[in-house]
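Examination of the molecular architecture
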Amino acid sequence: NYDDPSLYEGLFKIKMQEDPDAAAAILQEGRQKYPDDLTLLYAEINDALKNNEIASLESKLKEAIQKDPENVSLYTTTGSVYDRLFQEMMDSDTAKANAYFDSAKVYFEKSLEIDEDNVDAIYSIGALYYNKAAQGTQELQAMADDLTTAGMAKYDAKKLKVDKIFDEALPYFQKAERVNPSDWNTLIALKEIYARKNKMDISA
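Let me sum up the structure you'll find in this document.

Some thoughts on the overall build of the protein chain
- Along its length, the protein chain carries 10 helices and 0 strands.
- Of the regular secondary structure in the protein chain, the N- to C-terminal order runs α-α-α-α-α-α-α-α-α-α.
- Over its C-alpha atoms the protein chain spans a radius of gyration of 21 Å, topping by over 25% the 17 Å that the globule rule assigns to 204 residues.
- Seen through its C-alpha atoms, the protein chain measures out along the principal axes to roughly 75 × 35 × 30 Å.
- Here the protein chain holds 204 residues, and the buried ones make up 36% of them.
- Counting only contacts in the protein chain whose residues sit at least 6 apart along the sequence, the fraction spanning at least 24 positions is 55%.
- Entry remark: accessible area of the protein chain is about 12,000 Å², with carbon and sulfur atoms responsible for 50%.
- Side-chain charges in the protein chain split into 24 positive and 38 negative, and the spacing between the mean points of these groups amounts to 5 Å.

Side note on the environment of S59
- Mapped onto the secondary structure, S59 falls in helix 4 (residues 54–67).
- Taking the relative accessible area as the measure of exposure, S59 reaches 49% and is therefore partly exposed.
- Separated by 19 residues in sequence, S59 and T78 place their C-alpha atoms 9.7 Å apart.

Cut-offs used in this document
- Residues numbered from 1 in each chain as written.
- Predicted model: local features only at pLDDT ≥ 70, side-chain atom pairs only at ≥ 80, totals over all residues.
- Heavy atoms only, no water.
- Helix = DSSP H or I, 4+ residues; strand = E, 2+ residues; numbered from the N terminus.
- Rg over C-alpha atoms; globule rule 2.2 N^0.38 Å.
- Buried < 20%, exposed > 50% of the residue type's maximum accessible area, 1.4 Å probe, protein only.
- Contact = heavy atoms within 4.5 Å.
- Areas by Shrake-Rupley, 256 points an atom, 1.4 Å probe, with all protein chains shown as cover.
- Lys, Arg positive; Asp, Glu negative; His and termini not counted.
- Charge placed at Lys NZ, Arg CZ, Asp CG, Glu CD.

Here it is in structure tokens:
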């Protein structure tokens, strides 16, 4: 009955090596006894991230944000959770996917309100738009076989939308490159977008 929440965190970390179920029970007991302790909440969040428990992460992260509103990583992590849900729903439920897209962007933007040069948030917003445009590119490939006048008109209209989404991604990747010029993923994304815009001198 020693009154110290760090004991639960320590026991949780030790037990995780040998018995994850027992570790989870220890963490749950600690959270019930110390519901306002951030260290135990972060342990719970990290465990859920490691186990890809997306459904439970949303409420845990929002709880953490309420307790620690200036922690930039909480906003970027929440944005990443919504981004993952967006990608999972892209092929099956457009309405849900768009809602998750909007939520992800909101949380990444909140990160930038605290730290305008947070490269993870900058890159992630660019990647959000990029992945949405890439999905549109796949749809374009399926439309390309319809060579009727109506089919070609639909293709052209869709291509304009896709190109616009790529254009929305571009300034975020450009800023991410300025903040971190050596990031390989940013450079690849910029190369692809410039190639699509026929700016081969920059793409190369």
